[in-house]
Amino acid sequence: MSETLNTWIVVNTHPHKEATAIANLGNQGFATYCPLVRKQVRHARKTRTVLRALFPGYVFVDTAGEDSWRPVLSTVGVRTLVRSGENPSRLDPRFIEALRAREVDGVIVAPATPYEAGQKIRIAEGPFDGTVATIIALDEKDRLVVLMDILNRPVRVRLDARNVSAV
């Protein structure tokens, strides 16, 4: 049984320089991967959708040999490597494949949430265990903004989607 060499390493880039690092690594013949997601950005009362790195400040680089990663260190846009001791940490290629499998038109798509605004949910953990609330908004970080009655007053609360169930 042959074992596949994990050739992907993780590169830490300078702030907002993922594209610079990718371009310069590509010029040196390295295959790179920087998964992107769509994000809503508000500025000056305007909302627009932009593409951002799923892992800001990090790029995955495919290195073919054991010592071929050293030129990466001196690449413009690269800050350092994620390491285990003196050598770069290597990723299982299945991790990269799983990320690429979630892409639609070159952008990582979040799995569909089972919840939607206006839906009633039951809180399953914490001090409000068993309380029924109404979802008023969905957060991009898998959190729900719910409206619940506390002491006969409507209160907005942010909850982790894993701690609730549909009514």
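Residues numbered from 1 in each chain as written. Predicted model: local features only at pLDDT ≥ 70, side-chain atom pairs only at ≥ 80, totals over all residues. Heavy atoms only, no water.

Colleague: I would appreciate a short explanation of the overall build of the protein in the present structure.
Modeller: Counting its regular elements, the protein contains two helices and 16 strands. The globule rule puts the C-alpha radius of gyration for 167 residues at 15 Å, and the 21 Å found for the protein is more than 25% above it. Along the longest, intermediate and shortest principal axes, the C-alpha atoms of the protein span 65 × 50 × 30 Å. A total of 167 residues make up the protein; the buried ones form 31% of that total. Sequence-distant contacts in the protein: of pairs separated by 6 or more residues, those separated by 24 or more amount to 55%. For the protein, the exposed area adds up to about 11200 Å²; of that, 51% sits on carbon and sulfur atoms. Counting 23 positive and 18 negative side-chain charges, the protein places the centres of these two groups 11 Å from one another. (Helix = DSSP H or I, 4+ residues; strand = E, 2+ residues; numbered from the N terminus. Rg over C-alpha atoms; globule rule 2.2 N^0.38 Å. Buried < 20%, exposed > 50% of the residue type's maximum accessible area, 1.4 Å probe, protein only. Contact = heavy atoms within 4.5 Å. Areas by Shrake-Rupley, 256 points an atom, 1.4 Å probe, with all protein chains shown as cover. Lys, Arg positive; Asp, Glu negative; His and termini not counted. Charge placed at Lys NZ, Arg CZ, Asp CG, Glu CD.)

Colleague: What is the right way to read the packing of aromatic side chains from this model?
Modeller: Two measures describe an aromatic ring pair: the distance that separates the ring centres and the angle between the ring planes. Enumeration over the complete set of coordinates arrives at three aromatic pairs. Taken together, a centroid distance of 6.4 Å and an interplanar angle of 25 degrees make the contact between tyrosine 33 and phenylalanine 60 stacked. Highlighted residues: tyrosine 33 in strand S2 (residues 31–33) and phenylalanine 60 in strand S5 (residues 58–62), separated in sequence by 27 residues. The residues tyrosine 33 and phenylalanine 60 share a single accessibility class, namely buried. Ring geometry for phenylalanine 55 versus phenylalanine 60: centroids 5.8 Å apart, planes at 75 degrees, classification edge-to-face. One aromatic cluster is present, formed by Tyr33, Phe55, Phe60 and Phe95 through successive ring pairs. (Phe/Tyr/Trp six-rings, centres within 6.5 Å; stacked < 30°, edge-to-face > 60°.)

Colleague: Explain the layout of surface pockets here, please?
Modeller: Gaps left between atoms are located by rolling a probe of water-molecule size over the structure's atoms. Of the volumes computed, that of the second largest pocket is approximately 200 Å³. Looking at the second largest pocket, the residues that line it are His14, Pro15, His16, Glu18, Val37, Lys39, Arg52, Ala53, Leu54, Pro56 and Gly57. For the lining of the second largest pocket, the per-class residue count stands at five nonpolar, three polar and three charged. (1 Å grid on protein atoms, 1.4 Å probe; cavity = no way out; pocket = protein on both sides within 12 Å on 5 of 7 lines; lining within 4 Å. Points joined across faces, edges and corners; volume = space filled by probe spheres on them. Nonpolar A, V, L, I, M, F, W, Y, C, P; charged D, E, K, R; others polar.)

Colleague: I keep staring at the nonpolar core and nothing clicks. Help me out?
Modeller: Grouped burial of nonpolar side chains is what soluble globular proteins tend to show. Ranked by internal contacts, the top residues of the largest apolar core, which has 13 residues, are Ile9, Val11, Leu25, Val61, Val72, Val78 and Leu81. Of all the secondary-structure elements, those providing two or more residues to this core are strand S1 (8–13), helix H1 (18–27), S5 and strand S6 (78–81). Residues in contact with leucine 25, not counting those within four places in the same chain, are Phe30, Thr32, Val61, Val72, Thr75 and Val78. Within the second largest apolar cluster, twelve residues are counted, among which are Tyr115, Ile135, Val146 and Val164. (Core = buried A, V, L, I, M, F, W, Y, C linked by side-chain atoms within 4.5 Å.)

Colleague: Teacher, can you tell me more about the pattern of salt bridges here?
Modeller: For side chains of opposite charge, pairing can occur when their charged atoms come near one another. Counting across every chain of the model gives two salt bridges. Arginine 94 is the partner of aspartate 92 in a salt bridge, and the nearest nitrogen-oxygen pair spans 2.5 Å. Judged by relative accessible area, which is 29%, aspartate 92 ranks as partly exposed. Between arginine 162 and aspartate 160 there is a salt bridge whose closest N-O contact spans 2.6 Å. (Salt bridge = Lys/Arg side-chain N within 4 Å of Asp/Glu carboxyl O.)

Colleague: Even after reading the chapter, I still don't get the side chain of threonine 75, so can you show me in this structure?
Modeller: Locating threonine 75 in the fold gives a position in the loop between S5 and S6. Assessed through its relative accessible area of 4%, threonine 75 is described here as buried.

Colleague: Can you walk me through the environment of phenylalanine 30 in this structure?
Modeller: Position of phenylalanine 30 relative to the elements: it lies in the loop between H1 and S2. In this structure the C-alpha to C-alpha distance between phenylalanine 30 and lysine 120, which are 90 residues apart in sequence, comes to 50 Å.

Colleague: Hey, could you run me through the pairing of strand S12 (residues 120–123) in this one?
Modeller: Moving residue by residue along a regular strand, the side chains alternate between the two faces of the sheet. Because side chains alternate across S12, one face comprises the buried residues Ile121 and Ile123, and the other comprises Lys120 and Arg122, none of which is buried. Two strands pair when backbone bridges link them, and S12 and strand S13 (residues 132–138) are joined in this way by three bridges, in the antiparallel orientation. Bridging across to S13, lysine 120 finds its partner in threonine 134. As paired strands, S12 and strand S16 (residues 164–166) are joined by three bridges and run antiparallel to one another. Within S16, the residue paired with isoleucine 123 across the bridge is valine 164. (Pairing = 2+ DSSP bridges.)

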